[in-house]
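# Breakdown of the fold
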Amino acid sequence: MIQTIPVGLGARSYDVLVGPGLIDRAGEHIAPFLPARRTTIVTDSNVGAHHGERLAVSLEQADVAVDVITVPAGEESKSFAGLADLSDRLLALELDRGDVIIAFGGGVVGDLAGFAASIYKRGIDFIQVPTSLLAQVDSSVGGKTAIDTSRGKNLIGAFHQPRLVLADLDILATLPDREMACGYAEVIKYGMLGDETFFAWLETNGADVLARDTAALAQAVGRSVEMKAEIVAEDETEKGRRALLNLGHTFAHALEAETGYGETLKHGEAVAAGCGLAFRFSVALGHCPPADADRVARALKAAGLPGGMADVPGYPFNADRLIHHMAQDKKAQAGALTFILARRIGEAFTAKGVDPDALRQFLITEGALP
Ligand code: GLY
């Protein structure tokens, strides 16, 4: 069964389709968006090698002419150099304003191709076909696109909404277990920030989601996308409620900065540790019952994810260095620390102007070095 989840943004509204078999039927879903009956697939060397042919064949069967641009797999492609290279290759194909490109891959490809689409000839349309769990439940929906710079991740970018998102659950069968767990961190984050019933469902069914049981995946991805769509429709450019999606991310970015943004600690793992810390910090500040923070840590660890700082390779970290990284965060305004905290599982809120001394004390209590 295919779920259709609308993202309501007026003239820029679009649907996210979630279900099995969508890549093989991509042609019929995408062709109506291609009046010129041609498209360019932007993919990476891994996804392209394993699944590119199937997507291209499906489009060709729908009478769509297909060009393919393959970028190197890995975060390095999400750079000024990667953007210049992709833009140049799009120009060489002589795409015009009426053309639509397809981002076929995980978060890196979605962010890079989406950003290129936002600036190519002042903006062309694009369609997301996300191939990782993380991209399906988070980065492909909501129009955030960006590249990294030497000063930090995702610092140069644009809001550019896709015209359609196809989240094929079958493709997750070949996703490495560690990548599944990373995506699961973002799934369970939705329960933590806004839906206690979904969190409880994941406590019981999380193992089936991770084992790629189709029904469990459909429920997990569908509910995650539904929550993201609802939040984005209400606050597209993150002036308010959309910031709740950053639960755990301030701690996560600091831990990623300390561990080098690489294989030591992947983004989803950092988000998991960050969510554990956000709940414990909420407890320390008197906002949240300790039992909820314990439940969050248990649920994360049950999925093989870090539940707090002590589970992160490289522990113990230096408290002042972590705070320094947090102050560089995009969400920090005029040097004031902003955190997404929780009153309980299912109720997150934005806390502005958090006291740096209270933060430092908390980090030391969690085992950071003074
Ligand atoms: N990944 C957070 C957001 O899209 O707002």
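Described below are features of the structure shown in this document. (Residues numbered from 1 in each chain as written. Predicted model: local features only at pLDDT ≥ 70, side-chain atom pairs only at ≥ 80, totals over all residues. Heavy atoms only, no water.)

Right, let's get into the site of the ligand. Every residue close to the ligand is listed here: Asp138, Lys144, Lys228, Glu238, Arg242 and Leu245. Interatomic distance of 3.0 Å between a side-chain N/O atom of Lys144 and an oxygen atom of the ligand. Taken by itself the ligand offers 200 Å² of open surface, and the protein chains cover 89% of this. When its residues are assigned to classes, the shell around the ligand shows one nonpolar, no polar and five charged. (Near = heavy atom within 4 Å. Polar contact = N/O pair within 3.5 Å; in protein donor to acceptor, adjacent residues only side chain to side chain. Areas by Shrake-Rupley, 256 points an atom, 1.4 Å probe, with all protein chains shown as cover. Nonpolar A, V, L, I, M, F, W, Y, C, P; charged D, E, K, R; others polar.)

The packing of two helices is summarised by the inter-axis angle and the distance between the axes. Interhelical geometry of helix H9 (residues 249-259) versus helix H12 (residues 319-328) gives an angle of 115° and a closest axis separation of 8 Å. H12 is crossed by H9, and the crossing has right-handed handedness. From H9, Thr250, Phe251, Ala254, Leu255, Ala257 and Glu258 reach across to H12, where they touch Arg321, Leu322, His325 and Met326. Looking at side-chain class alone, the contact of H9 with H12 contains six nonpolar, two polar and two charged residues. (Axes fitted to C-alpha atoms, helices over the stretch in contact; angles between N-to-C directions. Helix = DSSP H or I, 4+ residues; strand = E, 2+ residues; numbered from the N terminus. Left-handed = near helix turned anticlockwise from the far one by under 90°. Contact = heavy atoms within 4.5 Å.)

Glancing now at a nonpolar patch on the surface. There is a patch of nonpolar side chains on the surface, built from Phe80, Leu155 and Ile156 and spanning about 260 Å² of accessible area. Of the residues examined, Leu155 reaches a relative accessible area of 38% and is grouped as partly exposed. (Patch = residues over 30% accessible without salt bridge, like charges linked within 9 Å, V, L, I, M, F, W, Y side chains within 5 Å. Salt bridge = Lys/Arg side-chain N within 4 Å of Asp/Glu carboxyl O. Buried < 20%, exposed > 50% of the residue type's maximum accessible area, 1.4 Å probe, protein only.)

A few words now on unusual backbone geometry. A cis amide bond, omega 5°, links Tyr315 with the succeeding residue Pro316. Topologically, Pro316 is positioned in the loop between helix H11 (290-302) and H12. Of note, the phi angle at Arg122 is positive, near 65°, even though the residue is not glycine. Although it is not a glycine, Glu238 sits at a positive phi angle of roughly 60°.

A word on helix H6 (residues 177-194). The terminal C-alpha atoms of H6 lie 26 Å apart, and with 18 residues this matches the ideal 26 Å at 1.5 Å per residue to within 8%. Counting buried positions along H6 yields 14 of 18 residues, so the element is predominantly enclosed. (Expected span 1.5 Å × (residues − 1).)

Looking now at the side chain of Asn246. Inspection of the secondary structure assignment puts Asn246 in the loop between helix H8 (214-234) and H9. Here Asn246 falls in the buried class, since its relative accessible area comes to 12%. Here the side chain of Asn246 touches Glu238 through a polar contact of 3.0 Å, side chain to side chain.

What follows concerns the packing of aromatic side chains. What the rule picks out here adds up to six aromatic pairs. Each ring, one from Phe251 and one from Phe339, has its centre 5.0 Å from the other, and the planes form 45°; the classification is tilted. With a gap of 88 residues between them, Phe251 in helix H9 and Phe339 in strand E10 (residues 337-344) connect regions that are remote in the sequence. For Phe251, a relative accessible area of 2% puts it in the buried group. Phe339 sits in the buried class, given a relative accessible area of 1%. Each residue in the set Phe251, Phe281, Phe339 and Phe362 is aromatic and connected to the rest through ring pairs, giving one cluster. The ring centre of Tyr190 lies 5.3 Å from the NZ or CZ of Lys189, which sits over that ring. Positioned over the ring face of Phe349 is Arg343, at 4.1 Å from the centre of the ring. (Phe/Tyr/Trp six-rings, centres within 6.5 Å; stacked < 30°, edge-to-face > 60°. Lys NZ or Arg CZ within 6 Å of the ring centre and 35° of its normal.)

To continue, consider the pattern of salt bridges. Enumeration over the complete set of coordinates arrives at 31 salt bridges. The residue Arg178 makes a salt bridge to Glu269 at a minimum N-O spacing of 2.7 Å. Taken as a pair, Arg178 in helix H6 and Glu269 in helix H10 (residues 267-284) lie far apart in primary sequence, 91 residues in all. Taking the relative accessible area as the measure of exposure, Glu269 reaches 11% and is therefore buried. Close ionic contact of Lys301 with Asp311 constitutes a salt bridge, the shortest N to O distance being 3.3 Å. Here Asp311 lies in the loop between H11 and H12 and Lys301 lies in helix H11, a separation of ten residues in the sequence. A relative accessible area of 32% places Asp311 in the partly exposed class. Among the ionic contacts, a cluster of salt bridges with common partners joins Glu75, Lys78, Asp111, Asp148 and Lys153.

Let's shift gears to the pairing of strand E9 (residues 164-168). Counting buried positions along E9 yields five of five residues, so the element is predominantly enclosed. Covered by surrounding structure in E9 are Leu164, Leu166 and Asp168 together with Val165 and Ala167, the residues of both alternating faces. Alignment of strand E2 (residues 14-19) against E9, held across five bridges, turns out to be parallel. Pairing of Leu17 across the sheet is with Leu166, part of E9. (Pairing = 2+ DSSP bridges.)

Structurally, Asp292 can be placed in helix H11. Counting along the chain gives 30 residues from Asp292 to Leu322, while the straight-line C-alpha distance between them is 25 Å. Discounting chain neighbours no more than four positions away, the residues touching Asp292 are Phe279, Arg344 and Ile345. From its side chain, Asp292 meets the backbone nitrogen of Ile345 in a polar contact 2.8 Å long.

This brings us to the packing of helix H7 (residues 196-210) against H8. Remark: H7 packs on H8, axes separated minimally by 9 Å, with the N-to-C direction vectors making an angle of 140°. As summarised for this structure, H7 and H8 are arranged oblique, according to the angle between their axes. Between H7 and H8 the crossing geometry is left-handed. For the pair H7 and H8, the contacting residues are Phe198, Trp201, Leu202, Asp208 and Val209 in the first and Ala216, Leu217, Gln219, Ala220, Arg223 and Ser224 in the second. Of the residues belonging to the contact of H7 with H8, the class tally is seven nonpolar, two polar and two charged. (Parallel < 35°, antiparallel > 145°, perpendicular 65-115°, else oblique.)

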